[in-house]
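Structural overview
What follows is the residue order along each chain.
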Amino acid sequence: MENLAKITIALDGPAGAGKSTVARLVAQKLKLVYINTGSMYRAVAWLILKNNLDLNLQKKEILELVEKAEILLTQDDVFINGQQITEQIREPEISRFVSPVSAMSEIRTQLVKLQQALGKNGGVILDGRDIGTTVFPEADLKVFLVASSKERALRRQKQQMAGGIEQSLEEVQAEIEKRDYLDCNREISPLRQAPDAILVDTDNLSIKQVVDKIIDLAQKSLN
Ligand code: CDP
């Protein structure tokens, strides 16, 4: 497993496909650093909302604020400007707001740079929407994780319930589908499967099966 220590794994896919759960477990097993890029976009969305800035009318103020922001990810927590916001960024309010924020080109440029700096030495698994296409197009292994929107909504609802957030299944599914639409149709780095990414449909797979599959693919990618 020694040569796996420097691997770069890109894990992309739509909302609620299980990327973060799987990435965290793969990272633990292979002793990699896990970088959840979605939480960076969520942190920025949280900062903009907290400062009551209007996405359409106050772009200049937003970019100044984001440029100065210090984002820190540990393996369990997310901080912005020193404040721990791990739970806050999972609120449905942020989920609804994050796609328009992540469509802003200047914000993407800044966060992609940060992600590339964090992953430059390898030994990382990053999950997101554009890792295999934009952030690390030369990644050793690219996986595109999908599941039906019904299954993804069920998983997300369960995850939210564990965190004390209640929303009907219909509402969760509608919000996921709306976010997918926005993420797939934005101008810059839309959600896309990279041509050389391996598609993994997780509808009928357990978390363990997906984790084992990615570890197997990681080993094969280095041979
Ligand atoms: O966990 P979930 O699938 O709900 O989403 P996430 O990974 O936390 O990402 C939240 C949002 O950030 C996405 O819906 C995208 O709008 C944006 N995002 C992005 O544009 N590029 C990334 N590399 C990661 C997330």
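Since this is a predicted model, take the numbers as computed values, not measurements. Every chain begins its residue count from 1, and numbering advances along the sequence as written. Side-chain atom pairs in this predicted model are given and counted only at pLDDT of 80 or more, local residue features only at pLDDT of at least 70, and totals for whole chains, interfaces and linings cover all residues. Only hydrogens and water are removed before side-chain values are computed, so all heavy atoms of the structure are retained for them.

Working definition: residue near molecule or strand if any one of its non-hydrogen atoms lies within 4 Å of it. Surrounding the ligand, one finds 19 residues, the nearest of these being R42, R108, D130, R156 and D183. We get accessible surface area from the Shrake-Rupley algorithm with a probe of 1.4 Å; when it comes to residues, only the shown protein chains can shield them. Against a free-state accessible area of 530 Å², the protein chains account for coverage of 97% of the ligand. Only DSSP runs of H or I with at least four residues qualify as helices, and only runs of E with at least two residues qualify as strands; both kinds are numbered from the N terminus onward. Where the shell around the ligand is concerned, the elements lending two or more residues are helix 2 (37-50), helix 4 (92-102) and helix 8 (169-185). For the shell around the ligand, the leading source of residues is helix 2, giving 4 residues. We call Asp, Glu, Lys and Arg charged. Ala, Val, Leu, Ile, Met, Phe, Trp, Tyr, Cys and Pro are nonpolar, and the rest, Gly among them, are polar. Class assignment of the residues belonging to the shell around the ligand gives a composition of 3 nonpolar, 6 polar and 10 charged.

Once that is clear, we can look at the pattern of salt bridges. A pair is scored as a salt bridge if a Lys or Arg side-chain nitrogen falls within 4 Å of a carboxyl oxygen belonging to Asp or Glu. Per the counting criterion, the structure on display carries 12 salt bridges. The shortest N-O distance in the salt bridge between E106 and K59 comes to 3.5 Å. Of this pair, E106 sits in helix 5 (residues 105-119) while K59 sits in helix 3 (residues 59-68), placing them 47 residues apart in sequence.

Our next topic: the sheet that holds strand 5 (residues 83-84). The strands making up a sheet are joined through hydrogen bonds of the backbone, oriented either antiparallel or parallel. Read from one edge of the open sheet, 3 strands run 3-4-5, paired in antiparallel fashion. Of all the strands in the sheet, the pair left with one neighbour each is strand 3 (71-73) and strand 5. Sitting on the sheet, helix 2 touches strand 3, strand 4 (78-80) and strand 5, and the angle it makes with strand 4 is about 40°. Being paired, for any two strands, means DSSP has found at least two bridges between them. Between two residues, a contact is recorded if the distance between any of their heavy atoms is within 4.5 Å. Interaxial angles span 0 to 180 degrees and are taken between N-to-C directions of axes, which are lines fitted to C-alpha atoms, for helices over the stretch in contact.

Now for the side chain of D180. In this structure, D180 sits in helix 8. Residues within four places of D180 in sequence aside, it is in contact with P14, A15 and R152.

Expected helix span is given by 1.5 Å per residue-to-residue step, counting one fewer step than there are residues. With 15 residues, helix 5 extends 21 Å between its outermost C-alpha atoms, agreeing within 8% with the 21 Å of an ideal straight helix rising 1.5 Å per residue. Taken residue by residue, helix 5 has I107, R108, L111, V112, Q115 and G119 as its buried positions. All buried residues of helix 5 lie within an arc of 125° about the axis, which places them on one face of the element. Relative accessibility decides the category of a residue: with a 1.4 Å probe and only protein chains considered, values under 20% of the type maximum give buried, values over 50% give exposed, and everything between is partly exposed. Note that the arc is defined by the directions from the helix axis to the C-beta atoms.

At their nearest, the axes of helix 2 and helix 5 sit 11 Å apart, and the two run at 140° to each other. In terms of their interaxial angle, helix 2 and helix 5 are classed as oblique. Taken as a pair, helix 2 and helix 5 cross one another with a handedness that is right-handed. Counting all contacts with helix 2, which are made through T37, M40, Y41, V44 and I48, the residues of helix 5 involved are I107, R108, L111, V112, L114, Q115 and L118. With respect to orientation, any angle under 35 degrees is reported as roughly parallel, any angle over 145 as roughly antiparallel, any angle of 65 to 115 as roughly perpendicular, and every other angle as oblique. Crossing handedness follows the turn of the near helix against the far one: under a right angle anticlockwise gives a left-handed crossing, and clockwise gives a right-handed one.

Moving on to the nonpolar core. Residues belong to a common nonpolar core when they are buried Ala, Val, Leu, Ile, Met, Phe, Trp, Tyr or Cys residues joined through side-chain atoms within 4.5 Å. Membership of the largest hydrophobic core comes to 35 residues, with the highest contact counts inside it found for V44, I48, I62, I80, V101 and I107. For this core, the elements supplying multiple residues, two or more each, are helix 2, helix 3, strand 4, helix 4, helix 5, strand 6 (124-128) and helix 6 (131-135). For this core, the element with the highest residue contribution is helix 2, accounting for 8 residues.

With that settled, consider the side chain of N36. Locating N36 in the fold gives a position in strand 2 (residues 33-36). Here G38 takes part through its backbone nitrogen, which lies 3.1 Å from a polar atom of the side chain of N36. In contact with N36, other than residues within four places in its own chain, are S20, L73, R90 and D127. Residues adjacent in sequence count toward polar contacts only when both atoms are side-chain atoms; beyond that, a polar contact is any pair of N or O atoms within 3.5 Å, and within protein one must be able to donate a hydrogen and the other to accept it.

Fair warning: the whole summary comes from geometry, so function is off the table for now.
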